[in-house]
Amino acid sequence: MSDTGGEWQVARRRKGASRSSKSLQVSAACGQESLDVGKTVKRIRDTMSELRCEEFWHDWKEQLLVAASASLSKSPADKDAEDQPERIPRTCQQLECVCYGLGPFASCVSARYQLAMLLLLLEAGQIPLKDCSVYDPVFSSGERDVLRDLGLTVLSENEEGKRLVEKPTFFYLMHCGKALYNNLLWKNWSARGLPLMIIIGNSFSGMRDRTIEKEFTRDYSYISKAVDFSVERKLACPSHLIDVFNDTAVITFPSNSLNGLPQSTWAESPEPQYPHSPDLEIILKETQS
């Protein structure tokens, strides 16, 4: 695969290490360049057209629709769906969408493909673009202009993943740091809150397998617990896009599984702190320049 005529390759991980957030670790191939908003929008749309021709795209679309059907059927906003739990909706218009940690998509090919996939998923579910909020502290002013030009809502505050959901919400978290996932789970840690979330991002079980058990349970306790009751559906990934879409799954939290858990599961849910994690893989508010 090439970008502007040149070969590209995402930096490889050392064996046994987890993939760092794109916000902190960007391939050397993602060089800096002056940003032409119109040209960048066209490149993104061209990438969308390319992905539409990929066989794996149909799997991603169907998996989102299936997950949305289950989530919306449990939502008060869609009572009629309770009578047809197996129905797959043609649209997911009632879903909100949040995307964190996309990375510098104007210069990084991997991030641009991930943005194009997000736009395809929104299109397939007919989720209004304005209902998709995006944030990454590394976005340039030009990239923020591109996102607004596409119709997306650009957040102005670094939420560190600590967003409380009030309605079914689709989170797009491609190769984000574990702390961001952990923060998101903490903020919605209840039998009511978790089922409202659909996550497309890195596999929780994959995170566990790549992390020393003691560190995983100590530093990322909410992911560690969620592994046991969340449902992961692995998403297809072609070999030529392995560095872009590898280790990705649709993650949901079925109400029937959560309702069977002891009340002590939800009794104590302290806000995560990471004193033992110098390589946190996300940019915190206080570290932003």
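Residues numbered from 1 in each chain as written. Predicted model: local features only at pLDDT ≥ 70, side-chain atom pairs only at ≥ 80, totals over all residues. Heavy atoms only, no water.

S.K.: Explanation requested: the pattern of salt bridges in the structure shown.
M.R.: Working definition: two side chains of opposite charge can pair if their charged atoms are close together. Applying the stated criterion to the full structure yields 11 salt bridges. In this structure, Glu 159 engages Arg 163 in a salt bridge whose closest nitrogen and oxygen atoms are separated by 3.0 Å. We classify Arg 163 as buried; its relative accessible area is 19%. In this structure, Lys 162 and Glu 160 form a salt bridge, with 3.2 Å as the shortest nitrogen-oxygen distance. According to the relative accessible area criterion, Glu 160 is buried, its value standing at 9%. Each of Glu 160, Lys 162 and Glu 271 takes part in a single network of salt bridges with overlapping partners. (Salt bridge = Lys/Arg side-chain N within 4 Å of Asp/Glu carboxyl O. Buried < 20%, exposed > 50% of the residue type's maximum accessible area, 1.4 Å probe, protein only.)

S.K.: Quick question: what am I supposed to make of the nonpolar core here?
M.R.: Proteins that are soluble and globular tend to have nonpolar side chains buried together. In this structure, Trp 60, Leu 115, Leu 118, Phe 170, Tyr 172 and Phe 245 are the most contacted members of the largest nonpolar core, which totals 49 residues. Excluding anything up to four places from it in sequence, Tyr 172 contacts Val 98, Cys 99, Tyr 100, Leu 102, Gln 114, Met 117, Leu 118, Leu 121, Ile 200 and Phe 245. The next biggest cluster of nonpolar side chains, apart from the first, holds 37 residues, and it includes Val 98, Leu 155, Trp 189 and Ile 282. (Core = buried A, V, L, I, M, F, W, Y, C linked by side-chain atoms within 4.5 Å. Contact = heavy atoms within 4.5 Å.)

S.K.: Can you help me understand the packing of helix α1 (residues 37-52) against helix α3 (residues 109-125) in this one?
M.R.: Axis angle and axis distance: for two packed helices, these are the angle between their axes and the distance between the axes, and together they describe the pair. Between α1 and α3, the least distance of the axes is 9 Å, while the angle of their chain directions is 70°. Between α1 and α3, the angle is such that the two are roughly perpendicular. As for how α1 packs across α3, the hand of that crossing is right-handed. Contacts from Arg 43, Ile 44, Thr 47, Met 48, Glu 50, Leu 51 and Arg 52 of α1 reach α3 at Arg 112, Tyr 113, Leu 115, Ala 116, Met 117, Leu 119, Leu 120 and Glu 123. Taken together, the residues of the contact of α1 with α3 sort by class into 9 nonpolar, 1 polar and 5 charged. (Axes fitted to C-alpha atoms, helices over the stretch in contact; angles between N-to-C directions. Helix = DSSP H or I, 4+ residues; strand = E, 2+ residues; numbered from the N terminus. Parallel < 35°, antiparallel > 145°, perpendicular 65-115°, else oblique. Left-handed = near helix turned anticlockwise from the far one by under 90°. Nonpolar A, V, L, I, M, F, W, Y, C, P; charged D, E, K, R; others polar.)

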